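Chain by chain, the residues run as shown.
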Amino acid sequence: TMSDTAEFAGFPLLEPLGPCPGGTAFLSTQPADGQPAVLRRLDPEAVGDPAAFAERVANAKGVEHPHLARLLGSGVTDGVPWVVAEQSAG
């Protein structure tokens, strides 16, 4: 299991939002401007191949829709893949 810390990949973990598909979501803020964000730490086994993960993230960054949170970034920290997105208004 992944242990919770006060910060992960440079993002503060303000509050656990609970399980999400393939991992755990946390309320966070964007380090550059303090805007609300959601960080999802993903189970490496759920993500699978790192190259395929990077490709899926790159494709998702181009998606814009009024009913979807915009993907802001991603990476792998200490072997744990993660994505960060805007916090949705609702």
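The structure presented is a predicted model; accordingly, all values stated were derived computationally and were not measured. (Residues numbered from 1 in each chain as written. Predicted model: local features only at pLDDT ≥ 70, side-chain atom pairs only at ≥ 80, totals over all residues. Heavy atoms only, no water.)

Asks: Quick question: what am I supposed to make of the environment of Val-57 here?
Replies: Residue position: Val-57 is located in helix α2 (residues 50–61). Linking Val-57 and Gly-73, residues 16 residues apart in sequence, is a C-alpha distance of 8.3 Å. Those residues in contact with Val-57, other than ones at most four positions away along the chain, are Leu-71, Ser-74 and Val-83. (Helix = DSSP H or I, 4+ residues; strand = E, 2+ residues; numbered from the N terminus. Contact = heavy atoms within 4.5 Å.)

Asks: Just to check I follow, could you spell out the sheet that holds strand β5 (residues 36–42) for this structure?
Replies: Strand pairing in a sheet relies on backbone hydrogen bonds, with the paired strands running either antiparallel or parallel. On the basis of which strands lie adjacent, the open sheet formed by five strands has the order β3-β4-β5-β7-β6 and antiparallel pairing. The strands lining the two open edges of the sheet, one partner per strand, are β3 (15–20) and β6 (71–77). In this sheet, adjacent strand axes meet at a mean angle of 25° when their direction is disregarded. Of the pairings in the sheet, the one linking β5 to strand β7 (residues 80–86) comprises five bridges and is antiparallel in character. Pairing of Ala-37 across the sheet is with Glu-86, part of β7. Across the sheet, α2 touches β5, β6 and β7, and the angle it forms with β6 is around 165°. (Pairing = 2+ DSSP bridges. Axes fitted to C-alpha atoms, helices over the stretch in contact; angles between N-to-C directions.)

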